[in-house]
Amino acid sequence: MSTVEKRQRGRPRAFNNSAETGSVQALDRALRILAIVAEGSGLSLSEIADSSSIAASTAYRMLTTLENHGMVEFDKTEQLWSIGVETYRMGSAFLRSRKLVDRARIVMQDLMEKTGETANLGVAEDDCVVFVSQVETHQAIRAFFRPGTRTAFHASGIGKAVLAHLDEERVTAIIKKAGLEAFTEKTLSTLPDLTRNLAEIKTRGWSVDDEERNLGMRCVAAAIFNEFGEPVGGVSVSGPTVRVTPERLFEIGPAVRDAAAAITAMIGGKA
């Protein structure tokens, strides 16, 4: 009789507890040190070592590694360690996502009902857009993006809506890093074509992904802004081209733009 191994969820098949102990222990110690530094208002190496029960030499190596990643900072004059700006950026990203998801839901529901198509919410990362929420239409054929799905800036409605409100240098840097992959024959895969499209988007306030990521699907999107007037993500409506027709774009576009403006106001942002 053959037997089937029951796989434990959350662990890879090749997980070996003893073999992995060292690396996990190092990570655990580093996170413990980070938490201690975060609680203080400037701590010396000896204070951190005593609080964490980690040898000063080991604590120092971990602190310098965290410093290299911007997680902690060292004041050479006072000889004190404090929390770094990168932890603020990460925390802000988490709060922004949660704030967006929680407050955007009612607007997305209304947008779905007005347009009859799926409403999506995405946040901008360094080189892509990450979908974080969706309100699905009741139509049998509909767009679906699982939360956490990533998509390229240049080939998505939300991505282009964000790019349209960034300065030229920032757009160039993003494209240089991420590239302009041609997903379909309609993808804007050259910088001049993309730049012209971004200018149009900024003027009218909403973007169109016209089968640029997936053939047979269109998406209409608008950017959401933070309190500094920076685009941090966007809201969109997506559906099959047979329903999201070119004629309907000028009906859907303003509705999406208004929804984005409503969400921006809800999170204390400004366009």
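Everything that follows concerns the structure shown earlier in this document.
Residues numbered from 1 in each chain as written. Predicted model: local features only at pLDDT ≥ 70, side-chain atom pairs only at ≥ 80, totals over all residues. Heavy atoms only, no water.

Another point: the sheet that holds strand β7 (residues 217-225). Here we have six strands laid out as an open sheet, ordered β5-β4-β3-β8-β7-β6, and antiparallel in their pairing. Since the sheet does not close on itself, it has two edges, and those belong to β5 (150-151) and β6 (207-210), each with one partner. Relative to β7, β6 runs antiparallel, the two being bridged by four bridges. In the strand pairing of β7, Asp209 is matched with Cys219. Of the strands in this sheet, β6, β7 and β8 (231-240) touch helix α8 (residues 249-266), which is tilted by about 30° from β7. (Pairing = 2+ DSSP bridges. Helix = DSSP H or I, 4+ residues; strand = E, 2+ residues; numbered from the N terminus. Contact = heavy atoms within 4.5 Å. Axes fitted to C-alpha atoms, helices over the stretch in contact; angles between N-to-C directions.)

We now examine the pairing of β7. Most of β7 sits inside the fold, with eight of its nine residues counted as buried. Between β7 and β8, which pair antiparallel in sequence order, lie five residues; one of them, Gly229, sits at a positive phi of approximately 80°. (Buried < 20%, exposed > 50% of the residue type's maximum accessible area, 1.4 Å probe, protein only.)

Attention shifts here to the pattern of salt bridges. Scanning the entire structure with this criterion turns up eight salt bridges. Residue Lys160 pairs with Glu212 through a salt bridge whose shortest N-O separation is 2.8 Å. Of this pair, Lys160 sits in helix α5 (residues 157-163) while Glu212 sits in the loop between β6 and β7; the two residues are 52 residues apart in sequence, bridging distant segments of the chain. Exposure remark for Lys160: the relative accessible area of 0% places this residue in the buried category. (Salt bridge = Lys/Arg side-chain N within 4 Å of Asp/Glu carboxyl O.)

Let's shift gears to helix α6 (residues 168-178). The α-helix advances 3.6 residues per turn, and as a result positions three or four apart in sequence lie on the same side. Looking only at α6, the buried set comprises Val171, Ile174 and Ile175. Buried residues of α6, viewed axially, fall in a sector of 95°; they line one side. For α6, the exposed residues set more than 90 degrees away from the buried face come down to Glu169, Lys176 and Lys177. Looking at the buried side of α6, the elements it contacts are α5 and α7 (191-204). A positive phi of about 85° marks Gly179, the residue just after α6. (Arc of directions from axis to C-beta.)

This part takes up the environment of Gly234. Topologically, Gly234 is positioned in strand β8. On the basis of relative accessibility, which here comes to 0%, the residue Gly234 falls in the buried class. Considered as a pair, Gly234 and Val123 are 111 residues apart in the sequence and their alpha carbons are 6.5 Å apart. Residues in contact with Gly234, not counting those within four places in the same chain, are Asn120, Leu121, Gly122, Ile158, Ala222, Ala223 and Ile224.

Let's shift gears to the nonpolar core. Counting 29 residues, the largest nonpolar core has Ile224, Val235 and Val256 as its most contacted members. Of all elements in the fold, only α4 (85-115), β3 (118-124), β4 (129-135), β7, β8 and α8 reach the threshold of two or more residues within this core. Top element by residues in this core is α4. It accounts for seven residues. For Val235, the contacting residues outside a window of four places in its chain are Met108, Leu111, Asn120, Ile158, Val220, Ala221, Ala222, Ile224, Val256, Ala259, Ala260 and Ile263. In this structure, Phe131, Ile158, Val171 and Ile201 belong to the second largest nonpolar core, which totals 17 residues. (Core = buried A, V, L, I, M, F, W, Y, C linked by side-chain atoms within 4.5 Å.)

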